[in-house]
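Chain and residue survey
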Amino acid sequence: MLVKAAIATPSGNSLSEWETRLKLLGLLCLVFAFATINDLRLLPLMIITALAVYRLSALPASYLISRLKVPGIFLLAMAVVLPLSAGETVLAQAGPVALRLEGTLGLLSIAARFFSIITVATVLLASTPMPTLVRAMGSLGMPDLLGDMLLFTYRYIFQLADDLHRARVAARLRRARLGSLSSIRTTAYIVGSLLVRSHWQAERVLAAMTLRGYGNSRIDVSRPAPGLRDFAALAVCVTLAGGFVVTQTFFL
Amino acid sequence: MHIPDGIVPVSVAAGGYALAAGMTAISLRQIERKHVDPREGIPKASLLTAVFFMASLVHIPLPPTSVHLVLSGLMGVVLGWYAFPAILVGLFFQAVMFQHGGLTMLGVNACLMGIPALLSYGVFRLRNMLGETRPLPNAVLGFVAGFMAVAIGAFSAAVLLVSTVPAYLDASVERAAVTGLFVAHLPLAGIEGVFTATVVLFLLRVQPSLLKESL
């Protein structure tokens, strides 16, 4: 299988039991507050906060490291460019290459934000099953059409991953050269076939869903009301987020 | 073309969300205008979104490296007004599953890929005038749709990155960076153009209704 669902935090963990709508609001507040931080004095506090949230989730460190790898490549590219090209204050020089203060500080700020945001976002996504998260987004005002598309797409991604894998194996067995530039045509035909098959499958899915009442009034799935602990956790997150923004705006 | 979290200022991320919300609202209004029941198109749009999501994981060799397909042009061609919400959904899953992009940058990335996809949709509609069933106009418009979606997205991303990230770059370095980032994406745009044209020709032979505004 080409894709895997995000792992979930252990059940019974305080973060996985936090009411999803409030968790979404609380952790997103933190994420967006982190995105505003550019004062160097707040960076250590931001990283500590993100690590504390991650610690509460009981996720293994290796999971976070694996999540940082792909976007880290982008950061690596900036690490090469920024300190050498941005700013006028030269920290060190070797021939024509100069390490500049402003670019280095800019990179530090970007790296800290990048790490903290991804850490908290990872906790949010790993501690909440996808359907629950989408339903929470819907109850917070996301349009129904988007919510339905998210759930359906999530359902089909895994099936299509297997279909695509099988089609590529079949193409390879027929000696198609998938590892060369000329493979564009073969890959295009595989994608075209998947589109056609999915088109027909969608017709059947819609017919079956219509028979089961899809499109009629939405069934309101009752969910337990948030408790005092849920609101307290939200209050902590909002206070922390507000504290970061207010401190940077008015006190630094 | 996926800008990760924490790179650009929060004002840009918030602006991206605002623009993406506006574009989503426009797309949903257009979908509602065209369909008695907009939900009828959801299973099809979702399945096709899943196909695009999976296909974008396929790597095409581009010596000395390899690139993954973006497919925003093809999404515009096949999904029409559903392309913007579909790209939003696809980017959400890419951020969740593979950390391509990020939650704070979802709006920005959706605009960088979704608006060019809608432009590609508009360009591909020219086939109504040039001949819906003739292979040549379909192939040419398919190529243009695939090429322009990546080229416009890459150019916009380069301008956005260079103008918002480093506060201390001088104008000549900025221009060089924008040009460099844009030129680096041109081979990918070419591959996307060829790929989109090939899929369009395939669909024209096998299932031409997928190229009409039927979704």
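The rules we used
Residues numbered from 1 in each chain as written. Chains lettered and ligands numbered in written order. Predicted model: local features only at pLDDT ≥ 70, side-chain atom pairs only at ≥ 80, totals over all residues. Helix = DSSP H or I, 4+ residues; strand = E, 2+ residues; numbered from the N terminus. Buried ≥ 20, exposed ≤ 12 C-beta atoms within 10 Å, placed from the backbone. Rg over C-alpha atoms; globule rule 2.2 N^0.38 Å. Contact = placed C-beta atoms within 7 Å. Nonpolar A, V, L, I, M, F, W, Y, C, P; charged D, E, K, R; others polar. Pairing = 2+ DSSP bridges. Axes fitted to C-alpha atoms, helices over the stretch in contact; angles between N-to-C directions. Parallel < 35°, antiparallel > 145°, perpendicular 65-115°, else oblique.

A few words on the overall build of chain A. Along chain A, the regular secondary structure elements total eight helices and two strands. Starting at the N terminus, the α and β elements of chain A follow one another as α-α-α-β-β-α-α-α-α-α. By residue count, 35% of the 252 residues in chain A fall in the buried class.

Turning our eyes to something else, we now look at the overall build of chain B. Secondary structure assignment for chain B yields eight helices and two strands. Its helices and strands in sequence order give chain B the pattern α-α-β-β-α-α-α-α-α-α, from N to C terminus. What you see for chain B is a C-alpha radius of gyration of 17 Å, in line with the 17 Å of a compact globule of 215 residues. Counting every position in chain B, which comprises 215 residues, the buried fraction comes to 57%. Counting only contacts in chain B whose residues sit at least 6 apart along the sequence, the fraction spanning at least 24 positions is 74%.

Let us now look at the interface of chain A and chain B. Contacts between the two partners involve 62 residues from chain A and, on the opposite side, 57 residues from chain B. Where the side of chain A that touches chain B is concerned, the elements lending two or more residues are helix H1 (20-36), helix H3 (61-85), helix H4 (101-126), helix H6 (144-173) and helix H7 (183-211) of chain A. Top element by residues in the side of chain A that touches chain B is H7(A). It accounts for 18 residues. Classifying every residue of the side of chain A that touches chain B gives 42 nonpolar, 15 polar and five charged.

Residues and elements named next belong to chain A. Counting buried positions over the five residues of strand E1 (residues 90-94) gives zero, only a small fraction of the element. Strand direction decides the pairing type here: E1 and strand E2 (residues 97-100), joined by four bridges, are antiparallel. Of the residues in E2, the one forming a bridge with Val90 is Arg100. Counting the residues between successive antiparallel strands, the hairpin from E1 to E2 contains two residues, one of them, Gly95, with a positive phi of roughly 65 degrees.

With that settled, consider the packing of helix H1 (residues 10-34) of chain B against helix H4 (residues 83-98) of chain B. A pair of packed helices can be characterised by two numbers: the angle between their axes and the separation between those axes. Residue and element names in this part refer to chain B. Packing of H1 against H4 leaves a shortest axis separation of 8 Å and a crossing angle of 135 degrees. One element, H1, and the other, H4, form an angle in the oblique class. For the pair H1 and H4, the contacting residues are Ala20, Met23, Thr24 and Ser27 in the first and Phe84, Pro85 and Leu88 in the second.

Residues and elements named next belong to chain A. Here Leu40 lies in the loop between H1 and helix H2 (43-57). For Leu40 and Pro226, which are 186 residues apart along the polypeptide, the C-alpha to C-alpha distance reads 37 Å. Beyond its immediate chain neighbours, meaning those up to four positions away, Leu40 contacts Leu105, Leu108 and Ser109.

Scope: geometric values only; no functional claims are made or implied.
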